[in-house]
Amino acid sequence: MNKNTGQNGVFSLFRGVPLHRILVALFLLQILLAVGLTGYLSIHNGQKAVNEAASELRYEVANRVEENLQTYFSTLREELHGNQNIIDIGLLKMENLATWESYLIKQLEIFPDAIALTASNEQQEHLAVEKLNDRQFLLRKSDKSTGYDLYTYKIDSLGQRTQLPEAIKNYDVRSRPDYQAAVTAKKFTFSQIFTPLTEPTLLISASQPIYNFQGQLLGVNSALTHISQIGDLLQNIKVGKSGQVFIIERSGLLVASSTTEKPFRLQNGKPIRLPASQSRNSLTQASAKYLTTKFSNFDQIQSLQQLDFSFEGKRQFLEIRPLEDELNVNWLIVVAVPEADFMGQIDRNTQTIIFLCLGALGLATFLGIITARWITQPILYFSTATKDLADFTNCKESVVVVQGIKELEVLGASFNEMMQQLRKTFTAQITKNEELELQVKQQTQELQQEIQVRINSEQKLEKHHQVLAELANNRAISEGKLETAFKVITEKAADALEIERVSVWLFNDDRTKLQCISLYERSSQRHSAGLERNLADYPIYFKSLTSARIIAVTDTRTDLRIQELWDEQLEPKNIVSLINTSIWVGGKVVGTVLYEQIDIPRIWELSEQNFVSSIAEFVTLTLEVCDRKQAESALREAKETAEIANRAKSTFLGNISYQVRTPLISILGITEALRNQVYGPVNEEQSQSLNTLESNGKNLLELINQILELTDIQSSKIELQLAPTSIQGLCDSSLSFVKHLAFQKKIHLSVQIPEELEPIQIDESRIRQVFINLLTNAIKFTKEGGKVWIEVQPNSTNEYIFFSVVDTGIGMLSDDLFQLFQPFVQVENSSNRDARGTGLGLVMVQKIVELHGGTVHAESQLGKGSRFTVKLPWKKV
């Protein structure tokens, strides 16, 4: 089809959007881009200048804040280092805090940054001076003279002291934050912000630990200052027109702000730290919330960060700077500056640029319309003539003939040639698309098959997991009931694998045969047992079982490992595939679990092999539980037998001791009468024999009494008579019982006990017996002129109290300590052969202490002495 486009009648063929409008739009677009780019660059440069100015302002403000804080901290540091020097030259002593009072008052007058100065030592003594005004000071004191209660005094300019009614009982300065911070750091440091006990405010303490020349801690010298003073420093720094500076801890708590807001609020009269995100100042609150969103943990901020965010529709500039040094101050300096402080003139310049751009756009639109109409008139004719060429399926070939403008003639010829190429390309593309559709269809079918295989595998795996979970919760397995457990295991395994036969086989005692303990046939749902396979008949099969954990056989006719079973065991039952898993107990194979596939061969997947391994582990678990139950039963029977024997022994010892003690007392009475010459005079040789007889009789009587008492304790015949008992009185009365023994050997006795210990709930006579036995042993094994003493010390939580009997005696080897608390056993060495006893004293000590819920511990060193420590529950009365 030939078309000849010309100047006449062209507009009648025009459809759609006119080309001149498109050209006008493109022309206007270029103008808009040029004007817009100019305006954007102008605004961008202005914004860049604002950003640079804001960045410099934030940086300079943060620098000023950091410099002021460093100066503030350095003043306190120099103050305390000066005190350290004075202590080093001996002008002040930490052991005598009374000399510090006038010195601290003078120092407060010199250093106005500190509101209070304190001196505390390791003896729990504390002295603090606080400046009220130029003429009055507060003195807080806690030492031995105040009973370690904290008293407060007001001191006037004449040095007159007036005691104030406020007092804090049992004040221990060593538990305060400033003291603990200095002791932990072992150098000059700042404490965490804390609340004083006397007023509703927040304090921070600069502390200097004081050590002597031997490196021993003497105490802590501290300077306290209000956190509000840091806020005063920030309020003196101007941040633009409406910017702010505030300091926060890593936890998000507010430290100080350039606003008048306090960093705490009062709750029931007590100051509660204020998180910056809950500040009443809107800019502070918004900045803190933005930082919380930006950084989930403020510990991530390790370097200077310059950020910006939107608040109430306006941009805000932020700078966060960590303040970290060796002083233990880990804060964040936050500078917030509103963008509006810089944007006033820039906004006015932006409005002027917008008006100029609109004027240029109107003029460009008018000129573009005129120019487009003049250029596009011939082109409109050509575009109309080419509409019929859009249908490539049309069998007719359209040829466009253009006459007139030279450029359009060239364009028409090129268009015709292009259409020929497009038709060829379109035909080839249709053929290629048909081939691609066929390939996609084939790949889709393969992918669907693969997906179905994966779904089947996942379903099998899920079924396996469900079976294993059910077995894990099965009571028969956990209780070791073999017959019931094996029935459950074989049934579950057969159903999960969809296999005909599952059986459990175990070796006999001499490992010459395998015996079938449980066989489950799925089709008939029948259980059986009793089959056997002899090692002599199937040696290769038995060797395979013990050398591999899994034997997976796809075709039983060709696998050499089970060929011995084919004729008699496999072919008659048409078993075409099988899998064996070994049962391991105690590091050796004790049997196997056998899975047999009938009729259709089966390839054992990896998931199925893993599943049968897990089933074998459940069989192992059942066997181990069964063995453990049998062992526990045997152990329980042995324990009952031992208890019966022990009771019989105790009854026998008690009866024998009672029968022996009665005539022995008579013998001792007659011996004493003979020695006192009741029946007539005795010579010196007879007197010595009677003394020996009496001494041995008394030793024998003491042994019998101890055996009787030990028998009563072991048979639980003794009931403790618990009552509140004074610890000091208990120790003193125990020492008084052994004074005559110590006096004979010139041994010094003493007791070391803290003051004002509360009573303890014990059976006083029994525990006194414990201490007397330990003290008697200590005196017995201590040479003349030695020392024996009692030490008493409660633990840190006051739940227990420790009584130690210590001596400077002969001691013993550490290898012999384990024999001390065994009945009738005595530790012998060359030094104690003359000081032997019954061997029951320490046994009695241990039993009595254990009746009280305590323990006894012995420490000793040969030639240097021993320490026996009794630990008792401290049941306060």
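Residues numbered from 1 in each chain as written. Predicted model: local features only at pLDDT ≥ 70, side-chain atom pairs only at ≥ 80, totals over all residues. Heavy atoms only, no water.

From N to C terminus, the chain includes 17 helices and 31 strands. The buried share of the chain, reckoned over its 877 residues, is 41%. Summarising the internal contacts of the chain: among those between residues at least 6 apart in sequence, 59% fall at separations of at least 24. When the accessible surface of the chain is split by element, carbon and sulfur atoms take 53% of a total near 49,300 Å². (Helix = DSSP H or I, 4+ residues; strand = E, 2+ residues; numbered from the N terminus. Buried < 20%, exposed > 50% of the residue type's maximum accessible area, 1.4 Å probe, protein only. Contact = heavy atoms within 4.5 Å. Areas by Shrake-Rupley, 256 points an atom, 1.4 Å probe, with all protein chains shown as cover.)

Turning our attention to the nonpolar core. Counting residues in each nonpolar core, the largest one holds 52 residues, and the members touching the most others are V65, W100, I247 and W331. In this view, V65 contacts L234, I237, V245, I247 and I333; residues no more than four positions away in its chain are not counted. (Core = buried A, V, L, I, M, F, W, Y, C linked by side-chain atoms within 4.5 Å.)

Attention now goes to the sheet that holds strand β2 (residues 116–121). The 8 strands lie next to each other as β6-β5-β4-β3-β2-β9-β8-β7, forming an open sheet whose pairing is antiparallel. Each edge of the open sheet is held by one strand with a lone partner, namely β6 (161–168) and β7 (189–190). The pairing of strand β3 (residues 126–131) with strand β4 (residues 137–142) spans 6 bridges and is classified as antiparallel. Bridge assignment links E130 to a residue of β4, and that residue is L138. Across the face of the sheet, helix α4 (residues 227–235) comes into contact with β8 (203–211) and β9 (217–226) while running at roughly 45° to β9. (Pairing = 2+ DSSP bridges. Axes fitted to C-alpha atoms, helices over the stretch in contact; angles between N-to-C directions.)

Structurally, C516 can be placed in strand β19 (residues 513–521). Looking at C516, the relative accessible area reads 4%, which means it is buried. Leaving out residues up to four positions away in the same chain, C516 has contacts with S503, V504, W505, A529, G530 and L531.

The next subject is the sheet that holds strand β31 (residues 865–873). Reading across from one edge, β26-β28-β29-β31-β30 is the order of the 5 strands in this open sheet, with mixed pairing throughout. Whereas interior strands pair on both sides, the edge strands pair on one side only; in this sheet they are β26 (748–752) and β30 (855–861). The sheet shows a mean angle of 15° between the axes of neighbouring strands, taken without regard to direction. For strand β28 (residues 787–794) and strand β29 (residues 800–807), the ladder comprises 7 bridges, and the chain directions are antiparallel.

What follows concerns the packing of helix α14 (residues 727–737) against helix α16 (residues 764–780). At a closest axis distance of 9 Å, the pairing of α14 and α16 adopts a crossing angle of 50°. The pairing of α14 with α16 is recorded here as oblique in orientation. Here α14 and α16 pass one another in a crossing that is right-handed. Residues L730, S733, S734, L735 and F737 of α14 form the contact with α16, whose participating residues are E764, I767, R768, F771, I772 and L775. (Parallel < 35°, antiparallel > 145°, perpendicular 65-115°, else oblique. Left-handed = near helix turned anticlockwise from the far one by under 90°.)

A negative phi angle characterises most non-glycine residues, just as the trans form characterises most peptide bonds. Phi at Q525 takes a positive value of approximately 50°, unusual for a residue other than glycine. Along the polypeptide, Q525 turns up in the loop between β19 and β20 (526–528). Overall, Q525 belongs to the exposed group, its relative accessible area being 62%. The phi dihedral of N798 is positive, around 60°, even though this residue is not glycine. By secondary structure assignment, the location of N798 is in the loop between β28 and β29.

Looking at α14, one finds that the buried residues are I727, L730, C731, S733, S734 and L735. Residue S726 occupies the N-cap position of α14, its side-chain oxygen lying 3.2 Å from the main-chain nitrogen of G729. (Polar contact = N/O pair within 3.5 Å; in protein donor to acceptor, adjacent residues only side chain to side chain.)

Along strand β23 (residues 575–585), 10 of the 11 residues are buried, which leaves the element largely enclosed by surrounding structure. Both strand β22 (residues 550–553) and β23 contribute to a ladder of 4 bridges, which runs antiparallel. Along β23, the bridge assignment pairs A552 with I579. Note that β23 and strand β24 (residues 588–598) share 10 bridges and pair antiparallel. Bridge pairing links T581 to V593 in β24.

Here we come to the confidence of the model for the chain. Across the chain, pLDDT averages 80, with 80% of residues at or above 70. Ranking the elements of the chain by mean pLDDT puts strand β1 (residues 2–5) last, at 47, and β29 first, at 94. (pLDDT = per-residue confidence, 0-100.)

This paragraph deals with the pattern of salt bridges. Pairing is possible between side chains that carry opposite charge, provided their charged atoms lie close to one another. Inspection of every chain in the model, using the stated rule, returns 26 salt bridges. D172 serves as the salt-bridge partner of R174, at 3.0 Å between the closest nitrogen and oxygen. Taking relative accessible area as the criterion, D172 reaches 25% and is therefore assigned partly exposed. Taking the shortest distance from any N to any O, the salt bridge between R557 and D555 comes out at 3.1 Å. A residue is classified by how much of its surface remains accessible, and R557, at 55% relative accessible area, is exposed. Among the ionic contacts, a cluster of salt bridges with common partners joins K460, R602, E605 and E608. (Salt bridge = Lys/Arg side-chain N within 4 Å of Asp/Glu carboxyl O.)

Here the focus is a negative patch on the surface. On the surface, E52, E56, E60 and E67 cluster together to form a negatively charged patch. Mapped onto the secondary structure, E60 falls in helix α1 (residues 19–88). (Patch = residues over 30% accessible without salt bridge, like charges linked within 9 Å, V, L, I, M, F, W, Y side chains within 5 Å. Lys, Arg positive; Asp, Glu negative; His and termini not counted. Charge placed at Lys NZ, Arg CZ, Asp CG, Glu CD.)

Attention now moves to the packing of aromatic side chains. Applying the stated criterion across every chain, the model contains 6 aromatic pairs. A ring pair is formed by W100 and Y103, whose centres lie 6.3 Å apart and whose planes are at 90°; its orientation type is edge-to-face. Taken together, the positions of W100 and Y103, both in helix α2 (residues 100–110) and 3 residues apart, correspond to about one turn of that helix. When its relative accessible area of 0% is taken as the criterion, W100 is described as buried. Taking relative accessible area as the criterion, Y103 reaches 23% and is therefore assigned partly exposed. Relative to F803, the ring of F771 has its centre 5.2 Å away and its plane inclined at 45°; by these criteria the two rings are tilted. Taken together, the positions of F771 in helix α16 and F803 in strand β29 put the pair 32 residues apart, joining distant regions of the chain. Each member of the pair, F771 as well as F803, carries the same accessibility label: buried. Chaining the aromatic ring pairs together yields one cluster made of F507, Y541 and F542. (Phe/Tyr/Trp six-rings, centres within 6.5 Å; stacked < 30°, edge-to-face > 60°.)

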